[in-house]
Amino acid sequence: MRNYRKEKTIDQAFILCGGLGSRLGEITRKTPKPLIKFNNKPFLDYLLKSIARHNIKNIFLLCEYKNTLFTRRYHNKKILNSKIKCIIEPKPLGSGGALYNARKYMNDNFFLINGDTFYEINFNDFGLDFLNSKKILGIASLKKKGKRYLNIFKKNQKYYFSKDKGNSINSGILCVNKKILNFINKKTFSLENECFSVLGQKKQIFVYKKKIKGTKFFDIGVLDSLNKAKNLIPKLELKKTIFLDRDGVINHDFGYVYSKENFKWKKNIVKFIKYFNDNNYYIIVVTNQSGVGRGFYSEKDVNLLHSWINEELRKKGAHIDDFYYSSYFKNSKLSKYRKNRNLRKPNDGMVKRAKKNWDIDMRKSIVIGDQLSDIKMAKKSKLKYFLVDKNTNISQLIKKII
């Protein structure tokens with residue numbers, strides 16, 4: 001078994017999808033709560049995208065009630081770069097039993113998420129803080145009162161849970177170390193009601209309190225909250241976006257950078273990216289890579305480098321949501337790289353592609369580049385822009401953007 005203290009990122013998420021939804025009555029007679037439609041799209045689609053955009057490699061859906069509806073839509077599919085797999089419970093097992101049923105798929109550390117709550121956090125930052133805490137259970141909390149929820153409060157370095165005391169609750173997003181299996185009954189078992197208090201007394205709980213700017217909490221388990229969520233969750237996908245050029249902005253431009261061996265981060269760029277992750281922006285890279293068309297390196301090289309960039313960012317609690325590149329070169333020996341000229345900056349093809357895949361608030365989004373072609377692309381897209389050079393301290397742009 002891997003030593004969880006040496007892991008640098010958490011690459012798995014398990015989503016609890018097995019509840020009967022009895023409090024919603026007729027609404028869930030044929031449709032499980034996570035599959036209730038929000039603007040013609042299942043609630044679970046929104047939840048999956050909010051997780052997958054943090055580059056979590058594998059997401060497991062723990063299903064019991066009407067499980068075939070989940071397998072038809074999600075099993076062995078991909079959301080962004082995350083692979084989805086459904087794990088079926090033979091009967092209702094509760095949250096603890098569902099987790100035990102999925103034990104053979106577990107890494108040493110993973111996210112565990114309620115399939116009927118929605119709360120946006122920086123998953124990579126939460127995971128990093130949890131790993132550093134060396135605890136068994138991490139709870140992403142939020143300020144909220146209500147007897148429907150267990151409140152969290154701390155006393156003498158121990159965490160307690162109550163319906164009456166405290167003003168913070170579990171958001172439905174947990175970080176878990178596999179050692180929790182030692183505290184789980186193999187039969188029907190509620191983690192929150194029967195396991196949290198034990199771990200709290202053993203000082204094995206870490207509480208994460210950071211909040212993404214502008215995020216809201218939704219629990220679709222009751223009708224009033226469900227109706228509010230139906231109106232608001234689709235709107236939360238509309239986000240301000242930072243479009244970043246790559247070479248010269250994220251890394252030093254040594255000319256045709258295509259591997260981690262000749263990649264050098266620009267000063268403060270990681271902190272810059274994380275700041276906007278934490279402030280509810282999408283971060284999208286748009287980069288000309290004519291080196292592919294010229295035959296200097298391959299598209300595989302570009303994609304491998306971009307994957308490595310994100311893995312390095314995740315070790316710092318940051319991430320890039322998406323990468324777009326243009327491999328166009330007008331004199332390429334391969335005809336496919338003489339096509340799609342519209343993607344190459346100063347044209348706006350990459351921005352248009354990003355708009356198709358992401359719900360972007362174009363009025364409040366920004367391009368940051370180091371070339372005139374970046375600025376021309378921004379103007380064509382009617383986006384604000386900042387031009388940087390090798391001496392620019394990118395941290396100083398934050399105040400100008402916010």
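This report concerns the structure included in the present document. Per chain, residues are indexed from 1 in the order of the written sequence. Thresholds applied to this predicted model are a pLDDT of at least 70 for local features of residues and 80 or more for the giving and counting of side-chain atom pairs; totals over whole chains, interfaces and linings are not thresholded and use all residues. Just so you know, side-chain values use all the structure's heavy atoms and leave hydrogens and water out.

### Comments concerning empty space enclosed by the protein
Condition: In this analysis a 1.4 Å probe is tested at points of a 1 Å grid over the protein atoms alone, and where it fits but cannot get out there is a cavity; an open set with protein on both sides within 12 Å along at least five of seven lines is a pocket; lining residues have an atom within 4 Å of a point. Grid points are joined across faces, edges and corners, and a volume is the space filled by probe spheres set on the points. Put simply, DSSP marks the helices as runs of H or I at least four residues long and the strands as runs of E at least two long, and each gets a number from the N terminus on. Under the scheme applied here, ten amino acids are nonpolar (Ala, Val, Leu, Ile, Met, Phe, Trp, Tyr, Cys and Pro), four are charged (Asp, Glu, Lys and Arg), and all others, including Gly, are polar.
By the definition in use, this model includes 4 cavities of 30 Å³ or more. Of the voids in this model, the largest cavity is the one considered here, and its volume is about 100 Å³. Tyr46, Lys49, Ser50, Arg53, Phe118, Glu120, Ile233, Leu236, Glu237, Lys239, Tyr282 and Trp358 together form the lining of the largest cavity. Elements that contribute at least two residues to the lining of the largest cavity include exactly α1 (43–52) and α7 (223–236). Here the element with the most residues in the lining of the largest cavity is α1; it accounts for 3 residues. By residue class, the composition of the lining of the largest cavity is 6 nonpolar, 1 polar and 5 charged. Its boundaries defined by the atoms lining it, the second largest cavity holds a volume of some 70 Å³. Taken together, Ser50, Arg53, His54, Glu120, Ile121, Phe123, Ile212, Asn277 and Asn280 form the lining of the second largest cavity. Residue classes in the lining of the second largest cavity are distributed as 3 nonpolar, 4 polar and 2 charged.

### Describing unusual backbone geometry
Put simply, Lys345 and Pro346 share a cis peptide bond, and its omega is 20°. Mapped onto the elements, Pro346 comes out in the loop between β17 (322–326) and α11 (349–357). Although it is not a glycine, Asn55 adopts a positive phi angle of roughly 65°. By the secondary structure assignment, Asn55 is in the loop between α1 and β4 (58–63).

### What to know about the pairing of strand β18 (residues 366–369)
Using the following cut-off: Buried means the residue's accessible area, taken with a 1.4 Å probe over protein chains only, is under 20% of the maximum for its type, while exposed means over 50%, and partly exposed covers the values in between. Think of it this way: DSSP has to see at least two bridges between two strands before they count as a pair. Handedness of a crossover is defined as follows: orient the strands so they point away from the viewer, and if the path from the first strand over the helix to the second runs clockwise, the crossover is right-handed.
Both faces of β18 are covered, namely the face carrying Ile366 and Ile368 and the face carrying Val367 and Gly369. Note: strand β15 (residues 240–244) against β18, 3 bridges, orientation parallel. Opposite Phe243, over in β18, you have Val367 as the bridge partner. One ladder, built from 4 bridges, connects β18 with strand β19 (residues 384–387); its direction is parallel. Residue pairing in the sheet places Ile366 in a bridge with Lys384 of β19. The handedness of the β18 to β19 crossover, carried by helix α12 (residues 372–380), is right-handed.

### What to know about the layout of surface pockets
The computed volume of the largest pocket comes to approximately 990 Å³. Surrounding the largest pocket, 37 residues form its lining, Arg23, Lys33, Asn114, Asp116 and Glu192 being those nearest its centre. Secondary structure elements with two or more residues in the lining of the largest pocket: α3 (94–101), β12 (168–177) and α5 (191–194). At 5 residues, β12 tops the list of elements feeding residues into the lining of the largest pocket. Looking at side-chain class alone, the lining of the largest pocket contains 14 nonpolar, 15 polar and 8 charged residues. Here the second largest pocket is characterised by a volume of approximately 630 Å³.

Geometric values such as these leave the question of function open.
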